[in-house]
Amino acid sequence: MNSYAEKYQGIHPGRVLKRELKKRSLKQRPFAIGLGEHPQTLNAIIRGKRDLNTALALKIEDKLELQEGSLVLLQAFYDIKKEKEGMSGRKPDFSILRKSLFWDTDIESIDWEGRYKAVIRRVLERGNVQEKKEISRFYGPKKVAAVANSLKENHSSP
């Protein structure tokens, strides 16, 4: 993997760009104009308010003589990090899941990703058709099938 991307993995490429410009004593506005870009666009990227697209990343890499694709990789790693962070806050549709299904715990405080096996098992054993469909939608059919298969294996062994 690109050593530049390894070093800054998960950081918005705008922060790295800001550092590179400062290191080289380059001002944002003249640099942006030299690229043929609006200074506001570059400023928004540097502040992390806007993503860096591939075409602009290639222009910047060329102008700063950075390894080709390094800023694009940083953007990809940053996008992956943000997506994973967004996934951790996901919750199933509570209008479909009965709270009584999780009578022994506060349904709002369940760690839906960390405790997925227990949640899936509970719904498979005690849930109705709609609840099973919701859990399958939320976790995906493969994950639900894997837990269902492990339940079958546990019940069939003596």
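To be clear, the structure that these remarks concern was listed above.
A. A look at helix α4 (residues 39–46). Of all 8 residues in α4, 6 are buried, a share of seventy percent or more. Inspection of α4 places Pro-39, Thr-41, Leu-42, Ala-44, Ile-45 and Ile-46 among the buried residues, and these make up the whole buried set. Considering only its buried residues, α4 is in contact with α2 (13–23), α3 (28–35) and α5 (54–64). Just beyond α4, the residue with positive phi is Gly-48, at close to 80°.

B. Local environment of the packing of α2 against α4. Contact geometry for α2 and α4: axes closest at 7 Å, N-to-C directions at 110°. Comparing the axis directions of α2 and α4 gives the class roughly perpendicular. Contacts between α2 and α4 involve Gly-14, Arg-15, Leu-17, Lys-18 and Leu-21 from the first element and Leu-42, Ile-45 and Ile-46 from the second.

C. Broad picture of the pattern of salt bridges. In this structure the tally under the stated criterion is 8 salt bridges. Between Glu-113 and Lys-143 there is a salt bridge whose closest N-O contact spans 3.8 Å. Separated by 30 residues along the polypeptide, Glu-113 in the loop between α6 (70–88) and α7 (116–126) and Lys-143 in helix α9 (residues 141–156) bring together distant segments of the chain. Judged by relative accessible area, Glu-113 falls into the partly exposed class, the value being 26%. Note on Lys-143: relative accessible area 29%, which makes it partly exposed. The partner of Glu-134 in a salt bridge is Arg-137, and the shortest N-O contact between them spans 2.6 Å. Remark: Arg-137 and Glu-134 occur in helix α8 (residues 129–139); sequence separation between them is 3 residues, near one turn of the helix. Salt bridges linked by common partners bring Glu-20, Lys-23 and Arg-24 together as one network.

About the thresholds
- Residues numbered from 1 in each chain as written.
- Predicted model: local features only at pLDDT ≥ 70, side-chain atom pairs only at ≥ 80, totals over all residues.
- Heavy atoms only, no water.
- Buried < 20%, exposed > 50% of the residue type's maximum accessible area, 1.4 Å probe, protein only.
- Helix = DSSP H or I, 4+ residues; strand = E, 2+ residues; numbered from the N terminus.
- Contact = heavy atoms within 4.5 Å.
- Axes fitted to C-alpha atoms, helices over the stretch in contact; angles between N-to-C directions.
- Parallel < 35°, antiparallel > 145°, perpendicular 65-115°, else oblique.
- Salt bridge = Lys/Arg side-chain N within 4 Å of Asp/Glu carboxyl O.

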